[in-house]
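Chains, contacts and geometry: an overview
Below, each chain spelled out in residue letters.
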Amino acid sequence: MFQQSSPTDLSNVPLAVARVIQHLSRLVPGKMDRNAFFQILSRQLRLLFNYDRFCINLYDAEREFLNLFTAADGTVVESLSNTRIAKNTVAGMAIASRKPVVINDLASQDLGDTPLPLASVGLNATIALPLILNREVIGTLHVSFVRQPDNVVEILNFLLELSPVLTTFLFAVLAEERSSASGNRDPAPADASGSAPLVDRLLETQDMARVMSVARKVAKLHIPVLIIGETGTGKSMLARWLHRRSPRRAANFVKVNCPSLAPTLFESEMFGYAKGAFTGAYAKRIGRIEMAQSGTLFLDEIGELSPDMQSKLLQVMEENSFERVGEARSIGVDIRVLSATNIDLERALIEGCLRRDLFYRLASVILRLPPLRQRKNDIPILVEYFISQFSRQWDLRPPRLSRGVLSDLCDHDWPGNIRELRNVISRLLLHSLDGAVTESFVREALHEWEPGAEASAPASPEAVPAVEGRPPHAGAGPCSGPALPTLEENERAHILEALRLTGGRLSGPRGAAALLGVPRSTLQHRLRKLGITP
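Predicted, not measured: the structure shown is a model, and the values here were computed from it.

The next point concerns the overall build of the protein. Counting secondary structure elements, the protein contains 20 helices and 16 strands. A burial count over the protein gives 46% of its 534 residues as buried. A sequence separation of at least 24 residues applies to 66% of the contacts in the protein between residues at least 6 apart. For the protein, the exposed surface amounts to about 26,700 Å²; the carbon and sulfur share of it is 52%.

Below you can see the structure in the form of C-alpha cells.
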C-alpha cells in the first residue's frame, strides 16, 4: 500500500510543478532515456498524490494509433495492447477534444463494443490529458484510481500546469533516441512515435526524385496543392510532409476525411455552429476550417464530396471567409488547402463528378504519386522500414528475409500499394514467431497461388463474371468504366475478404481495420455505407 499524500502537497501548484521540473532537468546533461525519464516522473507524482496507475501514450496521427511510451506504473492491465487504435478510448476522447477528460465511473462508459480495459481490473476513475506540441497532439498522459480522490480538482490543475513543460521534455527524450539511432547525425523531423517520417526515407530514391523535387519547391509556398495517386500510395503522408516544411508548420494540420462527411452534417463539421443553432447545440463548436486557421486544411479524397458540398467549399476558398451555422457574422480565414484524390481526374471533370471551378482552385500544383508497381527500387527500402517499425513496436527480433522472399515481394503488382505492403510485412513478422519466413508463406500472404490451382486462382480479365443484376459490359454510373465492376463492388469484395480472413473481427492488431490499413472508424463507416454486417 502506497503512503497517502498530504492534502497540502498540491496547495501551491507552481511550486509543485517547479519541483518536478527540477528533478527532470537532471536528465538533460546526460542521456535522455525514456525509462529513466518515466521513473523520475512517476516517483515525483507519487510524492504529490496517490494514484493506482500512471502511463503515457505516444500518438501516431497518421494511422490514429496509440503506442505505450513505456511500461505503466501501478496496476497491470493485461487486456490493454501496447499498440492500439485511438478511436473509442479515453485517450481518443482527449485527443479529439484537445482538452482534459475526467471520468469518475469508468464502468458506466460506453465508448465501443467492449468494456473499458481499466474498468475490468477495478479502476473506476481516470484523468487523461492531451500532450500538445506546436499545436499537434503527440501523446496523452493518464492517471487512474480505484476510487476518485477527494482532491481530484487540485490534481487536475497541477497536471494542466505541468503538461506543457512535460511535453517538451517528452519530445527531447524522443529526439535523443533518434539522434542515438542515427549515430548522432542531424535527424530528420520526427513523427509522434519518434521515428523519421517515411517520406523522408524515400527522398533520395530514384523513383521518387521527380515528385519530391517539385514537392520541395511548393512546400515553402502558400498555394494549394492537389495530390493524386492510387489508394495506398501515401497521399496523406506527403500532405503532412508539405505542412511540416511550410511557413505554417507551427499552426494546426487539420485532416478532413471527405468520404465520412454526411451531406446533412457538412456545414456543422466544416464551419462549426453557434450555441442554440439547432436542437442539441448546447455549446458553440469550432469547425474544421476554423481549427486550421493560419495552418493547413487537408481534404482527403476530395472527389467523394457531393456537388453541393463542393459548392460550399468553393465559396469559402473564393471569399476567404465562412459563417458558423446559426450565426450571420462572417469569419475571415487564412489557411492553406491541400487535397488528395484517387479518382480519374479527366473523367471526373468531363462527367461532372468534380466541379471544374473547384478543381482550378485546388490544383495550382498537382503532385502525382506513382503506384508501387512503378517504384520497384523502393520496395526493399520500404520492407526494411516496416520490419524495423513493427519489430520496435512489438518488441521482436527483426527477421532476415531471404533473397527469394525479397524477389517475390518485388515481383508482386501491389494493387493496394504501400498500405498493402505494410499489412503484408506485419503478417510476415507474425509468421516469423513460428519459424523462418518462407517463399510459400509470402505467396500466401500476397494472395498468390501455385500454377495448377484453378479452384483458387483469380479469374482472368476475360472471365470476370457479371455482377448480379447488371450485364458484364453495362455501365454502373457516371464515373465508372463500361466493362468493369464498379469501385463500390470492388470495395465490397475487398472488405468482405478482409472480414473473412479475420473471422469478422474489426479492431485489434489482427482485425480487419489493421489488415486494410484504415482506422476502425473509417471501416465502420464503409460497412454502414455498403450495408455490410460483420
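A general trend in soluble globular proteins is that nonpolar side chains are found buried together. Counting 38 residues, the largest nonpolar core has Phe-37, Leu-41, Phe-49 and Phe-158 as its most contacted members. Sorting elements by how many residues they give to this core places helix α5 (residues 152–181) first, with eleven residues. Every residue in contact with Phe-158, bar those within four places of it in the chain, is listed here: Leu-10, Val-13, Ala-16, Val-17, Val-20, Leu-45, Leu-48 and Phe-49. Residues Leu-226, Ile-228, Leu-261 and Ile-289 belong to the second largest nonpolar core, which totals 33 residues.

Further remarks concern the confidence of the model for the protein. Residues at a pLDDT of 70 or more form 82% of the protein, whose mean pLDDT is 79. Mean pLDDT across the secondary structure elements of the protein bottoms out at helix α6 (residues 198–201), with 62, and peaks at strand β15 (residues 336–341), with 95. Across residues 1–8, confidence stays below pLDDT 50; counting only partners more than four residues off in sequence or on other chains, it has nine contacts.

Side chains that are three or four residues apart share a direction in an α-helix, a result of its 3.6 residues per turn. Listed in full, the buried residues belonging to helix α3 (residues 90–97) are Val-90, Ala-91, Gly-92, Ala-94 and Ile-95. Those residues of α3 that are buried are in contact with β1 (53–60), β2 (65–68), β5 (101–103), β6 (125–133) and β7 (136–145). Looking one or two places after α3, you find Arg-98, whose phi comes out positive at around 60 degrees.

Right, let's talk about helix α20 (residues 520–530) for a bit. Of all the residues in α20, the buried ones are Arg-520, Leu-523, His-525, Arg-526, Leu-527 and Leu-530. Just past α20, the residue Gly-531 takes up positive phi, approximately 70 degrees.

This next bit is on the side chain of Thr-296. Mapped onto the secondary structure, Thr-296 falls in strand β12 (residues 296–300). Beyond its immediate stretch of four places on either side in the chain, Thr-296 contacts His-243, Arg-248, Asn-252, Phe-253, Val-254, Arg-336 and Leu-338.

Most of β1 is tucked away: eight of the eight residues are buried. Neither face of β1 is left uncovered, since the one carrying Arg-53, Cys-55, Asn-57 and Tyr-59 and the one carrying Phe-54, Ile-56, Leu-58 and Asp-60 both have all their residues buried. Sheet topology places β1 next to strand β3 (residues 73–74); two bridges connect them, and they run antiparallel. In the sheet register, Arg-53 faces β3, and the bridge partner there is Gly-74. Bridge analysis of β1 against β7 gives six bridges, and the strand direction is antiparallel. The partner of Asn-57 across the bridge, within β7, is Thr-140.

Parameters at a glance
Residues numbered from 1 in each chain as written. Predicted model: local features only at pLDDT ≥ 70, side-chain atom pairs only at ≥ 80, totals over all residues. Heavy atoms only, no water. Helix = DSSP H or I, 4+ residues; strand = E, 2+ residues; numbered from the N terminus. Buried < 20%, exposed > 50% of the residue type's maximum accessible area, 1.4 Å probe, protein only. Contact = heavy atoms within 4.5 Å. Areas by Shrake-Rupley, 256 points an atom, 1.4 Å probe, with all protein chains shown as cover. Core = buried A, V, L, I, M, F, W, Y, C linked by side-chain atoms within 4.5 Å. pLDDT = per-residue confidence, 0-100. Pairing = 2+ DSSP bridges.

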